[in-house]
Amino acid sequence: MTILRIHNLGKAYKQYFSRWSRLAEWCLPSSHPRYRIYWALQNVNCQVQAGEAIGIVGMNGAGKSTLLKIIAGTTQPTTGSVEINGRVAALLELGMGFHPEFTGRQNVVMAGQLFGFLADEIQSLLPGIEDFAEIGDYIDQPVRTYSSGMLMRLAFAVATAKRPDLLIVDEALSVGDSYFQYKSFSRIRKFREEGTTLLLVSHDRGAIQSICDRVMVLHNGKAVKEGPAEEAMDFYHALMAERDLTLIRQERQAYGKVQTISGGGEMSVFEIRLLSKEGKPVEGVETGTPVTLEIRIKVNKPVAEAVVGFMIKDRLGQIMYGINSYLLGQPIRHLSAKDQLVCCFQFEMNLGKGNYSISTAISKKESHLADNYEWRDGGFVFSVLNTKKPDFVGCVSLDATLSTQHTFSAGHSNL
Amino acid sequence: MFNMQLKAIWSYRGFIWGSVQREFQSRYRNSILGSLWAVLNPLATILIYTVIFSKLMKARLPGMNDTLAYSIYLCAGVLTWGLFAEIIGRCQTVFLENANMIKKLNFPRICLPVIVVLNAGVNFVISFGLFFCFLIVTGRFPGWVILALPLVLIIQIALAMGLGVVFGIMNVFFRDVGQFIGIVLQFWFWFTPIVYPISILPKSIQPLILLNPMASIVAAYQSILVYGQWPEWATLIPPAMIAIVVCLLAIGLYKKRAGEMVDEI
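All residue numbers here refer to positions counted from 1 along the written sequence of the relevant chain. Each chain takes a letter, starting from A, and each ligand takes a number, starting from 1, following the order in which they are written. Under the rules for a predicted model, residues below a pLDDT of 70 receive no local features and side-chain atom pairs below 80 are neither given nor counted, while totals for whole chains, interfaces and linings still include all residues.

Once that is clear, we can look at the overall build of chain A. Labels follow the DSSP assignment, with helices taken as runs of H or I lasting at least four residues and strands as runs of E lasting at least two, numbered in each case from the N terminus. Within chain A, the secondary structure is distributed over 8 helices and 20 strands. Each of the three principal axes of chain A carries a C-alpha extent, and together these read 90 × 75 × 40 Å. Using C-beta atoms placed from the backbone, we call a residue buried if 20 or more other C-beta atoms fall within 10 Å of its own, exposed if 12 or fewer do, and partly exposed for counts in between. Taken across its 415 residues, chain A has 38% of its residues classed as buried. Considering only residue pairs separated by 6 or more positions, chain A has 71% of its internal contacts joining residues 24 or more positions apart. Residue pairs qualify as contacts under a 7 Å threshold applied to their C-beta atoms, which are placed from the backbone.

Okay, the nonpolar core next. As used throughout, a nonpolar core is a set of buried Ala, Val, Leu, Ile, Met, Phe, Trp, Tyr and Cys residues joined through C-beta atoms within 7 Å of each other. In terms of nonpolar packing, the biggest core is built from 162 residues, with Ile168 of chain A together with Ile87 of chain B touching the most fellow members. If you tally residues by element for this core, the top one is helix H4 (residues 69-97) of chain B, at 16 residues. Start and end positions for the domains come from either an automated domain assignment or a database one. Each of two domains, domain 1 (2-226) and domain 2 (252-385) of chain A, supplies a minimum of three residues to this core. When near neighbours in sequence (up to four residues on either side) are disregarded, isoleucine 168 of chain A contacts Leu68, Ile71, Ala72, Val88, Ala90, Leu91 and Leu199 of chain A.

Contact with chain B, which involves 19 residues of that partner, is made by 22 residues of chain A. Mapped onto the side of chain B that touches chain A, the elements with two or more residues apiece are helix H2 (13-28), helix H5 (99-104) and helix H11 (233-264) of chain B. Ranked by residues supplied to the side of chain B that touches chain A, first place goes to H2 of chain B with 5 residues. Only Asp, Glu, Lys and Arg are considered charged, only Ala, Val, Leu, Ile, Met, Phe, Trp, Tyr, Cys and Pro nonpolar, and every remaining residue, Gly among them, polar. Across the side of chain B that touches chain A, the residue classes break down as 8 nonpolar, 6 polar and 5 charged.

For the rest of this paragraph, the subject is the sheet that holds strand E2 (residues 35-49) of chain A. Residue and element names in this part refer to chain A. An order of E2-E1-E4 is seen for the 3 strands of this open sheet, with the pairing classed as antiparallel. The sheet is open, and its two edges are formed by E2 and strand E4 (79-84), each paired on a single side. For this sheet the average axis-to-axis angle between neighbouring strands, irrespective of direction, equals 20 degrees. Whether two strands pair comes down to DSSP finding at least two bridges between them. Examined bridge by bridge, strand E1 (residues 2-16) and E4 share 5 bridges and lie antiparallel to one another. Residue pairing in the sheet places leucine 4 in a bridge with isoleucine 84 of E4. Lines fitted to C-alpha atoms define the axes, with helix axes restricted to the stretch in contact, and inter-axis angles between N-to-C directions lie between 0 and 180 degrees.

Our focus in this paragraph is the domain arrangement of chain A. Domain assignment breaks chain A into domain 1 (2-226) and domain 2 (252-385). On a C-alpha basis, the centroid separation for the pair domain 1 of chain A and domain 2 of chain A is 39 Å.

This part covers the sheet that holds strand E7 (residues 197-201) of chain A. Residues and elements named next belong to chain A. The mixed open sheet is built from 6 strands, whose spatial order is E5-E6-E7-E3-E8-E9. Looking at which strands have only one partner, the edges of the open sheet turn out to be strand E5 (88-91) and strand E9 (222-228). Going across the sheet, the axis of each strand differs from the next one's by a mean of 15 degrees, ignoring polarity. Here 6 bridges tie strand E8 (residues 214-219) to E9, and the two strands are oriented antiparallel to one another.

This paragraph deals with the packing of H2 of chain B against helix H6 (residues 111-137) of chain B. All names here are of chain B. As a packed pair, H2 and H6 sit with axes 9 Å apart at the nearest point and diverge in direction by 45 degrees. In terms of axis orientation, H2 runs oblique to H6. For the pair H2 and H6, the crossing hand works out as right-handed. On H6, the residues that touch Phe15, Ile16, Ser19, Val20, Glu23 and Phe24 of H2 are Cys111, Val114, Ile115, Leu118, Asn119 and Val122. To sort the angles, those under 35 degrees are grouped as roughly parallel, those over 145 as roughly antiparallel, those from 65 to 115 as roughly perpendicular, and the leftovers as oblique. Each crossing gets its hand from how the near helix is turned against the far one by less than a right angle, where anticlockwise is left-handed and clockwise is right-handed.

Encoded structure:
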């Protein structure tokens, strides 16, 4: 079932030329506009099925909040339509409408009424809300005496007291302490299992990739990318560095992964290989074994200096390790067009078992945000296996050993 | 479209009633005397008008020998004008005051002016209740004609709410409206025969004053409460018509501008 259908959505704000312009527009009919149109959102299309989780990312001012507000129904769109099948709960700001002088219980009732619940419905939801908020006897104290964590838990408990069909979360959860985040995310996960559709805005790549199936990237009010979470997040990452759409391209590789490439193109990676100790190219590596990462680069335009680096990311896009030629104290200088450069990073693969991807970066200075020659996400994927060492959990192999000392109690006879 | 607004208000009745209660409570929450203040304030008003005008200034209504007649005349006008001015004054700022809530939550905004009217109604019931006690104690309760009072009140509240919503919406777009209405209400008060009887005005001006819908409404209150007579129904038709027109205008404006309003506050 389609829970949310966004069709050709656009939102324009009017910027009047002067204070009098609006008055003139209201009073004097005239064809010429007295305002400039500023589009905060343009031509956004999206369909979300029941139980799906969609992440929305974008830089400040990209139109994320406007989109959420339109879906939540607080703002009206200028063009297009939003069709929602079911009840919406929007966590745009927690604790909205709480009055500091009133008790937690009174505020819960009040907030519930604001969500359109009736009195007896709220009464039946109250025990569950108190349970989730874990504020004990404070429920009958004025909320001004609450700690911010308590206030957040209470507000979240009210807003999610009833399972909605569509839950909109706007970074509201990123402000609480980790216990609150854990608690609220587990409730959101439970809702999802029961069929709630989730719309999540966040800057936290980990949160987005661990929860969302799909991600929409907004840029200057337009949806510039929609796709699987990892692919879209790579695109977003490249966009943040470039701020220019034309320099980003994505290529689907033979192995099914998508590479995201951005940058000025002065230099480019044309081959990435992982070599075993014997010098053979591999895609699966035993944990703890020495490997060489070989990055072959061709120079397209002469550059005075360059920094070459790589990063290893896990399947959630979290960075496991990264280093570059600058940090290793090996400057690369005076490259002319058509030169080739081979960089070999040698290290021991002390990662836990799992799938990883390699991103490469070539830039003028040590930060790729300035003068980025090429940034390549998902350029190479490999897996780490563990067939020789004892099995362990986590992403780092610390090679723990164990020694035990058993002291027998006096009553125990050692036979 | 009227029907739709009513439905929205009905389905949010819990919120509306809760808000009215909460506003009343929060006003007196941290005071020792609590809601007693809700009674003391109008009591002071009534006391001032009775003591100062009838005892100290010995003011008499033309054609009435009763020493308290002028006090009752004053209260009949001042208390009902108070309701009118409170509804307009609060309605015109209600959208701006609740800007944060309007921007962040999706609920029928039309509930906000309804809450204002109900709150003003609560205050009015308290002050008018005291006034009734005063009338009964002094033996001047008008009797059956009091039944005409609710009808006049409905016309007055409809007029006030309609105007309040129109000004409230305009105030979002043009903040000058709020300032301007404050001045207009002062003039309007003195152009309505509340403190003075209409008979002291020159004959040539009297018909002009009657163009003012509040003049007929206040005259109806005075007729009921001071003279114990049924109001002249014909004089209430123009204010009733104006009230209906203003309410329709308010709903039309609300329909047209409610969406844009969110972008401006």
